[in-house]
Amino acid sequence: MKKAITVLPGDGIGPEVTAAAVHVLQAIAKRFQHEFEFHYAAIGGAAIDTHGQPLPDETIASCSTADAVLLGSVGGPKWDANPPELRPEKGLLALRKQFNLYANLRPVKSYKALESASPLKAEHVSGTDFVIVRELTGGLYFSEPRKKTSDMAADTLVYTRKEIERIVDSAFQLARTRKGKVTSVDKANVLASSKLWREIVEEKKKGYPDVEVEHILVDAAAMQLIREPSSFDVIVTENLFGDILSDEASMITGSLGMLPSASLRDDEFGVYEPIHGSAPDIAGQGKANPAGAILSAAMMLRHSFGMAVEAQAIETAVENVLEDGYFTADLHGGRILSTDAWTAKVIEELDSESVSESICFS
Ligand code: NAD
Ligand code: IPM
Ligand code: MN
């Protein structure tokens, strides 16, 4: 199958982890006889430097003609003092809005090999396997009015019925393919937008009688994620709560560098990116964990290209490399490899999976 992928490396460790994911996709193309065409475009601080804006028109055009987009990360101290319109993060937010990517899926899975790499006790972490469904194009990130003077500042939190209904539907549909439980996280004891959110979840659940539903206030959810992470299946929540809870949840797996994500709308198109940022403290040192980016590429294969077997091959290779005791510097307890060396292990693993298959079939 032939597919066009736009790669947006971005800033900091973004170029390092996207390069790793591209190498893994090239190995997949070779093994499964696909043709992946990679087109590179600028976003974030890198785009501000070369094009004077964080999301240039050429980048939008390249993404528009692509089957899917692989993104690294944006941001860094160099651009922190820029005005809001010229911040790298603005490019990422504009990309999500431009392509109507309202559903951000962030799977959180504990690996056996990483149970002792987590700051939580291994017995709490064991068996964790849930997905955070984060609303991505509404809420505080985008609502108007937004204002700042030296004496006051305001952000606005607006959600429409339509925005809540579609993300809640995504969560229910996902739960049906998993363990059949939705946890809706809100702050309905204080926020009007959360009250509407909770009402809509209650209405929607009538259409999914096979799915169990619970509501948790966001502060209690933050606690429950640490107390019993394995109790969750699908968590659905608004934009900012989802951002915060997913960084918290990443530590269940051992590192922020482990978590992938898919930003989706109603067709096959998607933007795939690790949940972490540009990590300026380790950029350019070969220390970045590329697993989040590599697993994001696996999500791309599954969601945008319908390549479930290929996606599984990547996920199994990642798991096997961890099982073999090869870690990156952010994880504690294994043999520490550089970004490139760890990626090479994943590719070796993919190649050996294919050798053992051909032995089986011959
Ligand atoms: P961050 O996620 O970049 O880093 C937080 C900590 O986690 C750092 O210590 C970093 O070294 C570590 N870390 C992150 N990813 C890692 C990886 N793959 N391997 C090993 N260690 C990793 O968050 P921050 O420091 O708060 O933000 C830095 C910049 O990134 C900011 O400009 C922020 O706006 C931006 N950011 C971008 C995205 C994105 O592009 N999606 C996400 C979050 C933050
Ligand atoms: C993420 C990031 C972004 C967000 C920032 C960089 C705008 O933290 O993708 O999680 O808050 O959505
Ligand atoms: Mn974030």
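Note that the coordinates shown come from a computational prediction; the quantities given were computed from them, not determined experimentally.

Criteria and cut-off values
Residues numbered from 1 in each chain as written. Chains lettered and ligands numbered in written order. Predicted model: local features only at pLDDT ≥ 70, side-chain atom pairs only at ≥ 80, totals over all residues. Near = placed C-beta within 6 Å. Helix = DSSP H or I, 4+ residues; strand = E, 2+ residues; numbered from the N terminus. Nonpolar A, V, L, I, M, F, W, Y, C, P; charged D, E, K, R; others polar. UniProt positions renumbered as here; feature names shortened; annotations may be inferred. Core = buried A, V, L, I, M, F, W, Y, C linked by C-beta atoms within 7 Å. Buried ≥ 20, exposed ≤ 12 C-beta atoms within 10 Å, placed from the backbone. Domains from an automatic or database assignment. Contact = placed C-beta atoms within 7 Å. Pairing = 2+ DSSP bridges. Right-handed = clockwise from strand over helix to strand, strands pointing away. Expected span 1.5 Å × (residues − 1).

Caption draft 1: Structural detail: the site of ligand 2. Residues in contact with ligand 2, as listed here, are Gly-75, Glu-89, Leu-92, Leu-93, Asp-243, Ile-275 and Gly-277. Examining the composition of the shell around ligand 2, we find that 3 residues originate from one element, helix H4 (residues 88-98), more than from any other. A per-class count over the shell around ligand 2 returns 3 nonpolar, 2 polar and 2 charged.

Caption draft 2: Quick peek at the UniProt feature "domain: Isopropylmalate dehydrogenase-like" (unreviewed entry) in the chain. The UniProt entry lists residues 4-346 under the feature "domain: Isopropylmalate dehydrogenase-like" (unreviewed entry), expressed in the numbering used here. Secondary structure content for residues 4-346 is 41% helix and 18% strand, and the end C-alpha separation is 23 Å.

Caption draft 3: Structural detail: the nonpolar core. Of all hydrophobic cores here, the largest spans 102 residues; its most connected members are Val-24, Ile-43, Ile-294 and Ala-297. At 9 residues, helix H10 (residues 291-303) tops the list of elements feeding residues into this core. Each of two domains, domain 1 (1-104 + 255-362) and domain 2 (119-253), supplies a minimum of three residues to this core. Beyond its immediate stretch of four places on either side in the chain, Ile-43 contacts Leu-8, Gly-10, Pro-54, Leu-55, Thr-59, Leu-71, Val-74, Gly-91, Leu-92 and Leu-95.

Caption draft 4: Spotlight on the pairing of strand E9 (residues 212-217). Two strands pair when backbone bridges link them, and strand E8 (residues 181-186) and E9 are joined in this way by 6 bridges, in the parallel orientation. Within E9, the residue paired with Lys-181 across the bridge is Glu-212. Between the parallel elements E8 and E9, the chain passes through helix H7 (residues 192-204) in a crossover that is right-handed.

Caption draft 5: Here's a closer look at the UniProt feature "binding site: substrate" (unreviewed entry) in the chain. The UniProt feature table records "binding site: substrate" (unreviewed entry) at Arg-96, Arg-106, Arg-134 and Asp-219. These residues run over 124 residues, and the two farthest C-alpha atoms among them are 26.7 Å apart, placing them at more than one spot. Tracing the chain through its elements places Arg-106 in strand E4 (residues 103-109). You can see Asp-219 is positioned in helix H8 (residues 218-227). The exposed category is assigned to Asp-219, around which 11 C-beta atoms lie within 10 Å.

Caption draft 6: Highlighting the environment of Val-168. Mapped onto the elements of the fold, Val-168 is located in helix H6 (residues 161-176). Here Val-168 falls in the buried class, since 24 other C-beta atoms lie within 10 Å of it. Taking C-alpha positions, Val-168 is 9.2 Å from Val-182, a pair spaced 14 residues apart along the chain. When near neighbours in sequence (up to four residues on either side) are disregarded, Val-168 contacts Ile-200, Val-201, Lys-204 and Val-236.

Caption draft 7: Up close: helix H9 (residues 239-253). With 15 residues, H9 extends 22 Å from end C-alpha to end C-alpha; this agrees with the ideal 21 Å at 1.5 Å per step. Buried residues of H9: Asn-239, Phe-241, Gly-242, Leu-245, Ser-246, Ala-249, Ser-250, Met-251, Ile-252 and Thr-253, and no others. Gly-254 lies just past H9 and shows a positive phi near 115°.

Caption draft 8: Representation of the site of ligand 1. Taken together, the neighbourhood of ligand 1 is formed by 22 residues, with Ser-73, Gly-75, Gly-257, His-276 and Gly-277 sitting nearest. For the shell around ligand 1, the class distribution of residues is 9 nonpolar, 9 polar and 4 charged.

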